[in-house]
Amino acid sequence: RANPPTGIVHGPTALDIAERNGFVLIAELIRTHDAVTAGNPPTELPLVIKDAAVGGDVMVVTEWLDVGGPVEAPWKGGGEINDLSLLFIGSTHGHEPLVNALLKRQASVESSTPEGLSAMKIAAYAGHREVTRRLLLHQLKTGGQPAFYTPRAPPIKDTTPVSEWALEFRARIEKSHPWLARPA
């Protein structure tokens, strides 16, 4: 343990030293590890981890997850990203490497805000094409329906100009996921 019970070891703990020297990330990693070890994992994102996600710092975020931080923990500190998980934050800012790392750790693509926004919708609204594509492919690979899919949506008109790449992509998706096929 990073912070042994009082009386066993004399002197400052690793947490005391990290805090005294201003090593905010190290202190948070120790706090998270101690909480997880005690059976009380954190229920929300710490500020230093939220800031790392906003900045796309995959290493910091994955270190926190490695010591037991929950991948779905929401940020509760207020602001425009209040109540959003790491995946939402990474998607909002277009950080594809962070999104990939979170998906490998089973971050939920299915979750949404009370307003109905998913990480995929946020990425699409923000114009982050590669993040949107990655989330869509992950969702299709895991058997989910994309958040934007509506069975009652009108078919795409044949007169709409569509790139050859988009047509190939749609054909591959419709072949592998028949429920996405356009109505006849």
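Note: the structure precedes this text.
Residues numbered from 1 in each chain as written. Predicted model: local features only at pLDDT ≥ 70, side-chain atom pairs only at ≥ 80, totals over all residues. Heavy atoms only, no water.

## Overview of the packing of helix α4 (residues 58–66) against helix α6 (residues 96–104)
Where α4 contacts α6, the two axes come as close as 10 Å, and the packing angle between them is 20°. Classified by the angle between their axes, α4 and α6 sit roughly parallel to one another. Judged by the twist between their axes, the crossing of α4 over α6 is right-handed. Contacts between α4 and α6 involve Val58, Val61, Thr62 and Leu65 on the former and, on the latter, Pro97, Leu98, Ala101 and Leu102. Of the residues assigned to the contact of α4 with α6, the class counts are 7 nonpolar, 1 polar and no charged. (Axes fitted to C-alpha atoms, helices over the stretch in contact; angles between N-to-C directions. Helix = DSSP H or I, 4+ residues; strand = E, 2+ residues; numbered from the N terminus. Parallel < 35°, antiparallel > 145°, perpendicular 65-115°, else oblique. Left-handed = near helix turned anticlockwise from the far one by under 90°. Contact = heavy atoms within 4.5 Å. Nonpolar A, V, L, I, M, F, W, Y, C, P; charged D, E, K, R; others polar.)

## Description of the pattern of salt bridges
Counted by the stated rule, this structure contains 7 salt bridges. Aspartate 66 is the salt-bridge partner of arginine 105, the closest N and O atoms lying 2.8 Å from each other. With arginine 105 in the loop between α6 and α7 (119–125) and aspartate 66 in helix α4, the pair connects residues that are 39 residues apart, well separated along the chain. Overall, arginine 105 belongs to the partly exposed group, its relative accessible area being 30%. On the basis of relative accessible area, aspartate 66 is assigned to the exposed category, the value being 54%. A salt bridge links aspartate 83 to lysine 76; the nearest nitrogen and oxygen atoms lie 2.6 Å apart. (Salt bridge = Lys/Arg side-chain N within 4 Å of Asp/Glu carboxyl O. Buried < 20%, exposed > 50% of the residue type's maximum accessible area, 1.4 Å probe, protein only.)

Everything listed here is a matter of geometry and, on its own, says nothing about what the molecule does.
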